[in-house]
Structure formats: C-alpha cells, structure tokens
Amino acid sequence: MKIGVLTGGGDCPGLNAVIRAIGRKGIVQYGDEIIGIKNGWAGLMKLNYIILERKALSGILHLGGTILGSSRTNPEKEEGGYTLIIENFKKLGLDALIVIGGNDTLGVAQKLHEMGIPIVGVPKTIDNDICATDMTFGFDTAVSVATEAIDRLHSTAESHHRCMVVEVMGRHAGWIATYSGIAGGADFILIPEEQYTLDDIITVLQRRIEKGKSFSIIVAAEGAKLKETGIIAQSKEMDDFGNVRLGGIGDGLARAIEKRTGIESRAVVLGHVQRGGTPTAFDRVLGTKYGVAAIELVHEGKFGMMTSLQGTKIKPVPILDGVKESKIVDKETYEVAKTFFE
Ligand code: F6P
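No experiment lies behind these values; they were computed from the predicted model shown.

If you walk through the whole model with that rule in mind, you get 14 salt bridges. We note a salt bridge from R255 to D251, for which the minimum N-O separation is 3.0 Å. Of the two residues, R255 and D251 are both situated in helix α8 (residues 249–261); the distance of four residues between them amounts to about one turn of the helix. Using a relative accessible area of 36% as the deciding quantity, one classes D251 as partly exposed. Across the salt bridge formed by E335 and K338, the nearest N and O atoms sit 3.4 Å from each other. Taken as a pair, E335 and K338 lie in helix α11 (residues 331–338) at a separation of three residues, close to a single helical turn. Overall, the relative accessible area of 43% leaves E335 in the partly exposed class. Salt bridges sharing common partners tie together R162, E264 and R266.

The next point concerns the nonpolar core. Counting residues in each nonpolar core, the largest one holds 75 residues, and the members touching the most others are I100, L190 and I218. Sorting elements by how many residues they give to this core places helix α5 (residues 139–160) first, with eight residues. Apart from the residues within four sequence positions on either side, I100 is in contact with V5, L6, T7, G8, L15, V18, I19, I22, T105, V122, K124 and F137. If you look at the next biggest cluster of nonpolar residues, it comprises 25 residues, including V108, A109, I130 and I319.

Another aspect to go through is the site of the ligand. In the neighbourhood of the ligand, the contacting residues comprise G10, R72, I126, D127, M169, G170, R171, E222, H272 and R275. Here an oxygen atom of the ligand sits 2.9 Å away from a polar atom, N or O, in the side chain of R72. At 2.7 Å, a side-chain N or O of D127 approaches an oxygen atom of the ligand. In the complex, the protein chains occlude 82% of the 400 Å² of accessible area that the ligand would expose alone. When the residues that make up the shell around the ligand are grouped by side-chain class, the tally is two nonpolar, three polar and five charged. For the shell around the ligand, the domains that each give at least three residues are domain 1 (2–137 + 279–323) and domain 2 (140–276).

On to the packing of α5 against helix α6 (residues 175–184), then. Between α5 and α6, the shortest axis-to-axis distance is 8 Å and the interhelical angle comes to 45 degrees. The angle between α5 and α6 places the two elements in the oblique class. Crossing hand, α5 versus α6: right-handed. Every residue of α6 that contacts α5 at F139, A142, V143, A146, T147, I150, D151 and H154 is listed here: W175, I176, Y179, S180, G181, A183 and G184.

Further remarks concern the domain arrangement of the protein chain. Structurally, the protein chain comprises domain 1 (2–137 + 279–323) and domain 2 (140–276). A separation of 32 Å is found between the C-alpha centroids of domain 1 and domain 2. On the domain 2 side, the residues contacting the 19 residues of domain 1 number 18 residues. Of the roughly 1700 Å² buried at the junction of domain 1 and domain 2 (both faces included), carbon and sulfur atoms supply 52%. Among the residues domain 1 hides against domain 2, the three largest losses belong to R72, I126 and D127. Together they make up 35% of the total.

Along strand β4 (residues 96–101), six of the six residues are buried, which leaves the element largely enclosed by surrounding structure. Along β4, one buried face is formed by A96, I98 and I100 and the opposite face, lined by L97, V99 and G101, is buried too. A crossover connection joins β4 to the parallel strand β5 (residues 119–123) through helix α4 (residues 103–114); in handedness this β-α-β unit is right-handed.

Attention shifts here to the packing of aromatic side chains. Taken as a whole and assessed by the stated rule, the structure comprises six aromatic pairs. Taking 6.1 Å as the distance between ring centres and 55 degrees as the angle between the ring planes, the aromatic pair formed by W175 and Y179 counts as tilted. Residue W175 and its partner Y179 are located together in helix α6, separated by four residues, close to a single helical turn. Residue classification places Y179 among the partly exposed positions, given a relative accessible area of 33%. Taking 4.7 Å as the distance between ring centres and 20 degrees as the angle between the ring planes, the aromatic pair formed by F188 and F341 counts as stacked.

Peptide bonds are, in most cases, trans, and in most cases residues other than glycine have a negative phi. The backbone of L47 sits at a positive phi, close to 55 degrees, despite the residue not being glycine. Looking at where L47 falls in the secondary structure, it is placed in the loop between α2 (41–46) and β3 (49–51). On the basis of relative accessibility, which here comes to 32%, the residue L47 falls in the partly exposed class. Unlike most non-glycine residues, H161 shows phi in positive territory, near 55 degrees. Within the element layout of this structure, H161 appears in the loop between α5 and β6 (163–168).

This part covers the packing of α6 against α11. Following both chains from N to C, one finds α6 and α11 inclined at 35 degrees, their axes separated by 10 Å at the closest point. Seen along the crossing, α6 lies across α11 with a hand that is left-handed. Contacts from T178, Y179 and I182 in α6 reach T333, Y334, V336 and A337 in α11.

The next subject is the side chain of K25. Tracing the backbone shows K25 in helix α1 (residues 15–30). At a separation of 3.0 Å, a polar atom in the side chain of K25 contacts the side chain of E296. K25 has contacts with Y30, V292, I295 and E296, leaving out every residue within four places of it along the chain.

Quick notes on the rules
Residues numbered from 1 in each chain as written. Predicted model: local features only at pLDDT ≥ 70, side-chain atom pairs only at ≥ 80, totals over all residues. Heavy atoms only, no water. Salt bridge = Lys/Arg side-chain N within 4 Å of Asp/Glu carboxyl O. Helix = DSSP H or I, 4+ residues; strand = E, 2+ residues; numbered from the N terminus. Buried < 20%, exposed > 50% of the residue type's maximum accessible area, 1.4 Å probe, protein only. Core = buried A, V, L, I, M, F, W, Y, C linked by side-chain atoms within 4.5 Å. Contact = heavy atoms within 4.5 Å. Near = heavy atom within 4 Å. Polar contact = N/O pair within 3.5 Å; in protein donor to acceptor, adjacent residues only side chain to side chain. Areas by Shrake-Rupley, 256 points an atom, 1.4 Å probe, with all protein chains shown as cover. Nonpolar A, V, L, I, M, F, W, Y, C, P; charged D, E, K, R; others polar. Domains from an automatic or database assignment. Axes fitted to C-alpha atoms, helices over the stretch in contact; angles between N-to-C directions. Parallel < 35°, antiparallel > 145°, perpendicular 65-115°, else oblique. Left-handed = near helix turned anticlockwise from the far one by under 90°. Buried area = accessible area lost by both parts, 1.4 Å probe. Right-handed = clockwise from strand over helix to strand, strands pointing away. Phe/Tyr/Trp six-rings, centres within 6.5 Å; stacked < 30°, edge-to-face > 60°.

Here is the structure:
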C-alpha cells in the first residue's frame, strides 16, 4: 500500500518513535511505500512531502520533535482547503493516511474521514487531554521535565525563603500541573478545571509559615484562572484553530502573593522546554506501540479509528470518541494532589 503520514499541531517527544514504527513495520513487513507529508495539513495542501525510506527512519527513536515538521494549519481556514487535500491525496496515489495529532489535528482527520478519506489516527499531545485513551505519548516526558524543574526549584526556594510559582503547559486540562505537582511535592496546584481565589492560595502559604516552613512551591497550569483575574493570555491573537497564546498566570500570581503577604516570590515559566528534547523510555515505547498498531489498523481497513492505550493494551477506538471534548483531570487524582495543600 502507499501510505501517507503526517504530524500536526504542537510537537511532542515521541513523534519520531511513532513515525519510525509506522515506517519500519510498513516497509519491512508489508512492503508499503511510506510518504512523509511535511508540516501537517499545510504539506498536504502544498504537496510538500518526502518518501520515507528505511534509511531515513534510522537513528531517530531518541530524538525529540518530528522529522516531518509540524504546523497548526487548519484546512477549514483556507479557501477550498478540504477539496485541495482530497485532490492531493488522490494525486499522490495514497491508499491511506495516518494522522498523528492532538484534538485539533484529529478533528480535521475525522472530517476528512467523513468525506471518504481512509484515515487512521494516533493521539499525541503533552497535554494528555485526548479522550478515549488513558494516555497520549509526550505527556510522560513533559511531566518528567516539569518534575525535575520543581525539584531544582525546591532547593533555591528553601535557601531564599521564597515562594516559587512554576507555570507549566496545559491549555484546557491540568494534567501536567497535577502530575508534576504531585511528583514534585507542590504545596498548591492550580488547574484550568477548578476556580480559585487569591485567598485560597494565601491561606495555605500562611499555614505553612505558622508551621515553620519558610518556603513554598506552587504549580500553575497556564490555562488556570483566579476568580479575580480570569484566564491570562499573552495576546488575544488566535491560531487557525481559535486558540489564544496563554501565559502569565505564574507572574501574576507571584506578584499578587508578594504584594498581599510580603513573601518574596518568583515565577518560573517552563514553556516549550516541556515539549522539546529526548522522549522518556515510556514515551518511546508508547509511541512505538502506537505506530505498530496504526499500520496494522490501515492493513485491516479499520479507518476512522485511532490507537488508544487502555490499561496496558493498545486498542482501536473511533477518532470521534477521542476528539469530542477535552479529557480533563479526574476528581480522584486532583483530590490526591489536594491532600498536600495543608
Ligand atoms: O501542544 C499543546 C501545547 O503545548 C499547549 O500546552 C500549549 O498551550 C500550546 O501547545 C503552545 O502552543 P505553541 O507551541 O503554538 O506556542
């Protein structure tokens, strides 16, 4: 078969593991021809692609980013975008397309599937906010990076008797904040799913001081909001999928805490560091399992499906089930985190 592969949306550690697995299994076991579409949907609209030969798939397993490039291009925003994609799919002589992406990219994949394009999805995002799968690859790496940062911030916070506010990624869901906060022993964790007042946080900080603790660590997801300020964005400009660029809650919170309590505070924004660099072993394995499963789904003709992790097993689920809403942090897990907001 001639199979196209593309990576769309924000990059994420483990993408190359998926591409490698798709290519290696497809070429070696099925004799497929694998076409790498460059830069997400933009590449399919511009016919920008490479033939992924066996050689191009070597030495990439441990590399961050994506050898195919990525973009947030939305065909819906381009005049005749979907028609162009369908025409180019035929022009390339593709039998199927494997789409590795988050909610936005897989949302487009679902529409194309409904228009008759044979598509298989692979769920990707450091945010871990895709439904119908226990986990997306990239999340484990992002949590590890954030946890290491929190560990490092502990010692400097303690030396200077400061409150450190660590801003992590997480637009609609606070998975990275919750997991890295639990792993790093945060004293307060703010996630987009909850509403907070400044008083909620200050009460915890003051209780810590009364207990003789001279420093605190707060982890805040970029999409979290205080009742007083609402969501904080760097600019109102939106990408093709209507997402604004978030950021600023860490700085806003650190300033507000210092002003109200006199506790010296600093904000640290981890930003794209969480998304870059080498994937953890877990993400390499998950990405590899997803890639192998995706090529099998193509050969079984299970289109409109995406790979998912259910416990320890990889199972196919409809792409539609994955993208119908954002998977938010479950109450039980956040309750575990709250145990330590003493
Ligand atoms: O891919 C998800 C994500 O990392 C979000 O956590 C974050 O809000 C966003 O992407 C940042 O996007 P960009 O790389 O376009 O600034």
